[in-house]
Amino acid sequence: MRITIHRAAQIGGQITRISTARASILIDLGHNLPRNNEDEDPYDNDPAIAELTKGCSAILYTHYHGDHIGLFHHVPDGIPQYIGEVARQVVCRKYKELCPDNQSKFCQALDIASRMHTFREGETLRFGDISVTPYFVSHSAYDAYMFLIEAEGKRILHTGDFRGHGYLSKGLLPVIQRHIGQVDVLIIEGTMLARRDETILTEAALSQKAAELMKEHKYVFVHCSSTDMERLASFKNARMYPHRFLMADEYQKDILDLFSATAGRKTSCFNFGKVYTYSSNLNDRILKDGFTMFVRANRSSNVLLSRIFPLLPAQEKPLLIYSLWGGYIDRSDTKNENYLKLQSRFTNVVRLHTSGHATAETLRDICELTTPRLAILPIHKEKEADFSSIGIPARLQEKIRTTDCKISGVNIEFHE
Ligand SMILES: [Zn+2]
Ligand SMILES: [Zn+2]
């Protein structure tokens, strides 16, 4: 068996290959995260992906973030691609937005996304002698999964991106205890290792803080990820104290309606109810009762704000809640100019965020519950971040591998 980890020592651009003599699968095929607003990735072309995916039986995506799925449109036709059912619909809606005229380069990507295969939690897929079972996780993308991969008598757990402090995290440890247990190899994300100073609120605690802000401000605009269902729900639920209207643009409304029709059927937490869009003007009731509006950092949101601001009473200063990672604003290498531009339109900006990734404590819990026999392979982490700093016992620390090695018939390779 061979495990090849690409770009382990960076956050983003995730690609893992697992091969036996008879079959080979890829977990994620992600684009590098943009740095300094440059969007470069040496794999972002058809020939590079054709070469990388040669001999591949299938590609399975943990979730729909670009750093895990961003290169899917380069995959040659004959290789099946798999993702969660709701995740596939989110990807399609995203690309529909980018392809309004059926002509742009994104239209082909929309076509490929709409033909992706889907999987369900707990149902095992088989590719030659490799079996893959997806298990649901909480992350800042809905319908995200970790994968248990079984082949040649070995068991590998690939966590994807996940966390222990979301609404949907309750099943994380019980599922690992009940359905997964000990593994041979643990491939685990380490995003938060270099962000230890960040405050980690539970999603529920964040929602309470949002409710406090909404008591004080009648017109609240929220800048968060348009596809982070749990975060969107935190702000939707906060708005109930007091009642106010929920507003969004057409794209965001479609995403919220999709979440209501899927996760929202199981719990009211994710039922977004009626979402209003801004059409020609705001009706009097919306202005009287106040609103929470999800905004995006793009041209159309800016146009929308230019129309809405003059309608608001002068004494009510609108509030912008920024609910994304602080590095997009504060760090020179990851700064996002569009986010800054959006903030510059408000005099009142508050930050309220919590991570979509596992804390050191949660990472430690996963290592201890799965007690990997052969290796722990950290991925999705900053180069200098040291995985052993999470405080696992020495017998587990010894299993951490970050360079090429061969252990009990498993070849482990790291590619830049
Ligand atoms: Zn992610
Ligand atoms: Zn990621």
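Procedures and definitions
- Think of each chain on its own: its residues are numbered from 1, step by step along the sequence as written.
- The naming scheme follows written order: chains are lettered A onward, ligands numbered 1 onward.
- The model is predicted, so local features are restricted to residues of pLDDT at least 70 and side-chain atom pairs to those at 80 or more, both for listing and for counting; the totals for chains, interfaces and linings are taken over all residues.
- Only hydrogens and water are set aside when side-chain values are computed; all heavy atoms of the structure are taken into account.
- Relative accessibility under 20% of the residue-type maximum defines a buried residue, over 50% an exposed one, and the middle range a partly exposed one, all with a 1.4 Å probe and only protein chains included.
- Each helix corresponds to a stretch of at least 4 residues labelled H or I by DSSP, and each strand to a stretch of at least 2 residues labelled E; elements are numbered beginning at the N terminus.
- Throughout, the arc means that of the directions going from the helix axis to the C-beta atoms.
- In what follows, a contact means two residues having at least one pair of non-hydrogen atoms within 4.5 Å.
- Only nitrogen, oxygen and sulfur atoms count as donors, using a 2.8 Å cut-off from the metal that widens to 3.2 Å for Na, K and Ca. Water is left out, so coordination shells may look unfilled.
- Geometry is assigned from the angles between donors: four donors with all angles from 85 to 135 degrees make a tetrahedral site, four or six donors whose opposite pairs exceed 155 degrees while the rest stay between 65 and 115 make square planar or octahedral sites respectively, and everything else is labelled irregular.
- At least two DSSP bridges between two strands are needed for those strands to be called paired.
- For helices, the axis comes from a line fit to the C-alpha atoms of the stretch in contact; other axes are also lines fit to C-alpha atoms, and the angle between any two N-to-C directions lies between 0 and 180 degrees.

Q: What is the right way to look at helix α5 (residues 172-180) in this model?
A: The α-helix advances 3.6 residues per turn, and as a result positions three or four apart in sequence lie on the same side. Listing the buried residues of α5 in full gives Leu-172, Val-175, Ile-176 and Ile-180. In an axial view of α5, the angular spread of the buried residues amounts to 100°, which keeps them on one side of the axis. Looking at α5, the residues exposed on the side facing more than 90 degrees away from the buried face are Gln-177 and Arg-178. Its buried side turned inward, α5 meets β8 (130-137), β9 (144-151), β10 (154-158) and α14 (360-370). A positive phi of about 65° marks Gly-181, the residue just after α5.

Q: Quick question: what am I supposed to make of the coordination of the zinc ion (ligand 2) here?
A: A metal bound by six donors in octahedral fashion has ideal angles of 90 or 180 degrees, whereas one bound by four tetrahedral donors has an ideal angle of 109.5 degrees. Listed as protein donors to the zinc ion (ligand 2) are Asp-67 (OD), His-68 (NE2), Asp-161 (OD) and His-380 (NE2); their distances from the metal cover 2.1 to 2.2 Å. With four donor atoms in place around the zinc ion (ligand 2) and angles of 83 to 169° between them, the coordination shape is irregular. The zinc ion (ligand 1) is placed at 3.4 Å from the zinc ion (ligand 2), the two being bridged by Asp-161. Here the residue His-68 occupies a position in helix α2 (residues 66-69), and Asp-161 occupies one in the loop between β10 and α5, the gap between them amounting to 93 residues. There is no split in this pair, since His-68 and Asp-161 are both buried.

Q: Help me understand helix α4 (residues 106-114), please; the structure alone is not making it clear to me.
A: Turning to α4, its buried residues are Cys-107, Ala-109, Leu-110, Ile-112 and Ala-113. The elements touched by buried residues of α4 are β5 (81-84) and α3 (85-98).

Q: Would you explain the sheet that holds strand β16 (residues 348-351) in this entry?
A: In a beta sheet, neighbouring strands pair by backbone hydrogen bonds and run either parallel or antiparallel. Ordered in space as β13-β14-β12-β15-β16, the five strands form an open sheet in which the pairing is parallel. In the strand order of this sheet, the two ends are held by β13 (245-247) and β16, each with one partner. Geometrically, the sheet is characterised by an average inter-axis angle of 20° between neighbouring strands, direction not taken into account. Relative to strand β14 (residues 291-294), β13 is paired through three bridges, and the arrangement is parallel. Within β14, the residue paired with Phe-245 across the bridge is Phe-291.

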